[in-house]
Amino acid sequence: PDIFGKRRHISEADPLHEDAHQGDEPAGQLRRLRPLSGKFRDKVDRARSLLQKSKAGEALKEAQELLDKHPMHSPMLVAKGKALAILGEDDAAMEAMRAAGEADPQWGEAHDELAGMLNRAGGIVLAQGDVEGAYERYREVLLLAIEHAGLIPATREADARYGLGI
């Protein structure tokens, strides 16, 4: 597991390598990797450390600096999404998690975090009386659970089913 206790990438390639999430290769087909440069590794570590300290604004800045150079780096897209969620930017946070999952479909943390955000959003909009909005969010969680079986904890699916009343 990574420093957040989440399940890591399933492939043998290390997704924290600098080249792992960039270029035109289809998802899951990674180029030969070179070790992380010191600066890159430092920024990855700093962004994660800032998140653990709940310094979301600073973590977002660090993550965005990395993403400016490596826009498909799933771990930093997840860090960006977590920072945005802490800052109350829920829609942008979910988009970052979707982008992380698209960049690397085997990066389970992205799907797990997205499912959790969707479940929370479903509960919020349901409490506001938006039954259709809640249905769409819970439905997306169930689809994620099917599409990424084994990468999303069963509790996420159970929460969505509970929200739907099934």
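Residues numbered from 1 in each chain as written. Predicted model: local features only at pLDDT ≥ 70, side-chain atom pairs only at ≥ 80, totals over all residues. Heavy atoms only, no water.

Turning next to the pattern of salt bridges. For the coordinates displayed, the defined rule picks out 10 salt bridges. As a salt-bridge pair, Glu62 and Lys43 come within 3.5 Å of each other at their nearest N and O atoms. Of the two residues, Glu62 is situated in helix H2 (residues 56–69) and Lys43 in helix H1 (residues 38–52); the sequence distance between them amounts to 19 residues. Judged by relative accessible area, which is 9%, Glu62 ranks as buried. (Salt bridge = Lys/Arg side-chain N within 4 Å of Asp/Glu carboxyl O. Helix = DSSP H or I, 4+ residues; strand = E, 2+ residues; numbered from the N terminus. Buried < 20%, exposed > 50% of the residue type's maximum accessible area, 1.4 Å probe, protein only.)

Another point: the packing of H1 against helix H3 (residues 74–86). At a minimum axis separation of 10 Å, H1 and H3 run at an interaxial angle of 25°. The angle between H1 and H3 falls in the class roughly parallel. Note that H1 runs across H3; the crossing there is left-handed. In this structure, H1 contributes Val44, Ala47, Arg48 and Leu51 to the contact, and H3 contributes Pro75, Met76, Ala79, Lys82, Ala83 and Ile86. (Axes fitted to C-alpha atoms, helices over the stretch in contact; angles between N-to-C directions. Parallel < 35°, antiparallel > 145°, perpendicular 65-115°, else oblique. Left-handed = near helix turned anticlockwise from the far one by under 90°. Contact = heavy atoms within 4.5 Å.)

The next subject is the side chain of His148. Note on placement: His148 falls in the loop between helix H6 (131–147) and helix H7 (154–164). A polar contact of 3.5 Å, which involves the side chain of His148, links it to the side chain of His111. (Polar contact = N/O pair within 3.5 Å; in protein donor to acceptor, adjacent residues only side chain to side chain.)

Residues Met76, Val78, Ala83, Met94, Leu114, Leu118 and Leu144 are the most contacted members of the largest nonpolar core, which totals 37 residues. Among the elements that take part in this core, helix H5 (residues 108–127) stands out by supplying 7 residues, more than any other. Apart from residues lying up to four places away in sequence, Leu118 is in contact with Met94, Arg98, Arg137, Glu140, Val141 and Leu144. (Core = buried A, V, L, I, M, F, W, Y, C linked by side-chain atoms within 4.5 Å.)

Further remarks concern the confidence of the model for the protein chain. Across the protein chain, the average pLDDT comes to 82, with 78% of residues at or above 70. Of the regions scoring below 50 in pLDDT, residues 1–34 engages in 78 contacts with residues more than four places distant in sequence or in other chains. (pLDDT = per-residue confidence, 0-100.)

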